[in-house]
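# Structure assessment
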Amino acid sequence: MQGRLSAWLVKHGLVHRSLGFDYQGIETLQIKPEDWHSVAVILYIYGYNYLRSQCAYDVAPGGLLASVYHLTRIEYGVDQPEEVCIKVFAPRSNPKIPSVFWVWKSANFQERESYDMLGILYDNHPRLKRILMPESWIGWPLRKDYIAPNFYEIQDAY
């Protein structure tokens, strides 16, 4: 089943894959990493002016990593804003996805967290570095194949 945005993207020749609708009726689309930045700019121009959230997850041990974007189209006088969920999958061996920081500034800390926890590299992000874990931390704690160290260095809070 194709949603309104998917039909609009097809009409304008933009490559994507419809993943259907979630339990709230929000359309979910898959975009290839190499197409994501241009599609993000087009979606912003189309009216999706608010990045509600960005998150990431590990699809399966040894499998793909996913970066998920929840976009909202906020317009004056509209009671029910239009929403869409975009999923961008990247291979674990080279998890590179273009950053959308320059489209939606709110992606800054959210993409940094996804990098910190899963190791997804966001190309052209202005300050992609760890945000939760110490800079010296080795590995990506939310990957399903992550092996937790058997010790943790206790640091003085002062």
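Details of the structure are given in the entry above.
Structure report, in brief. (Residues numbered from 1 in each chain as written. Predicted model: local features only at pLDDT ≥ 70, side-chain atom pairs only at ≥ 80, totals over all residues. Heavy atoms only, no water.)

### Some points on the nonpolar core
Counting 29 residues, the largest nonpolar core has W36, Y69, L71 and I86 as the members making the most contacts within it. Excluding residues that lie within four positions of it along the chain, I86 makes contacts with L29, I31, W36, L43, S67, V68, Y69 and L71. (Core = buried A, V, L, I, M, F, W, Y, C linked by side-chain atoms within 4.5 Å. Buried < 20%, exposed > 50% of the residue type's maximum accessible area, 1.4 Å probe, protein only. Contact = heavy atoms within 4.5 Å.)

### Quick look at the pairing of strand β3 (residues 50-58)
Pairing between β3 and strand β4 (residues 65-73): eight bridges, direction antiparallel. Looking at the pairing, L51 lines up with L71 of β4. Taking the residues that link successive antiparallel strands as the turn, the β3-β4 hairpin has six residues, and the phi of G62 there is positive, at about 75 degrees. (Pairing = 2+ DSSP bridges. Helix = DSSP H or I, 4+ residues; strand = E, 2+ residues; numbered from the N terminus.)

### Overview of the packing of aromatic side chains
Under the definition given, this model contains seven aromatic pairs. Above the face of the Y46 ring, R73 is positioned so that its terminal group lies 4.3 Å from the ring centre. Directly above the ring of F101 sits K105, whose terminal nitrogen or CZ lies 4.7 Å from the centroid. (Phe/Tyr/Trp six-rings, centres within 6.5 Å; stacked < 30°, edge-to-face > 60°. Lys NZ or Arg CZ within 6 Å of the ring centre and 35° of its normal.)

### Overview of the pattern of salt bridges
Within the structure shown, the criterion is met by six salt bridges. Taking the shortest distance from any N to any O, the salt bridge between E83 and R52 comes out at 2.7 Å. A residue pair is termed long-range when its members are at least 10 positions apart, and E83 in strand β5 (residues 82-90) and R52 in strand β3 qualify at 31 residues. Judged by its relative accessible area of 39%, R52 is partly exposed. The network of salt bridges with shared partners includes R4, R73 and E82. (Salt bridge = Lys/Arg side-chain N within 4 Å of Asp/Glu carboxyl O.)

### Quick word on a nonpolar patch on the surface
There is a patch of nonpolar side chains on the surface, built from V41, Y44 and I45 and spanning about 290 Å² of accessible area. With respect to the helices and strands, V41 occurs in helix α2 (residues 33-46). For V41, a relative accessible area of 31% translates into the label partly exposed. (Patch = residues over 30% accessible without salt bridge, like charges linked within 9 Å, V, L, I, M, F, W, Y side chains within 5 Å. Areas by Shrake-Rupley, 256 points an atom, 1.4 Å probe, with all protein chains shown as cover.)

### Points about the side chain of R112
Summarising the element assignment, R112 is placed in helix α3 (residues 107-118). Despite its burial, R112 remains without a salt bridge, the nearest opposite charge being carried by E135 at 6.0 Å. Beyond its immediate stretch of four places on either side in the chain, R112 contacts H125, R127, L128, K129, R130 and I131. (Lys, Arg positive; Asp, Glu negative; His and termini not counted.)

### Description of α3
Along its 12 residues, α3 runs 16 Å from first to last C-alpha, staying within 8% of the 16 Å computed at 1.5 Å per residue. Burial within α3 is extensive, with nine of its 12 residues counted as buried. Of the positions making up α3, those classed as buried are A107, Q110, E111, R112, S114, Y115, D116, M117 and L118. Buried residues belonging to α3 abut β3, β4, β6 (96-98) and β7 (121-123). One or two steps after α3, the chain reaches G119, where phi turns positive at roughly 80 degrees. (Expected span 1.5 Å × (residues − 1).)

Nothing here speaks to function; it is all geometry.
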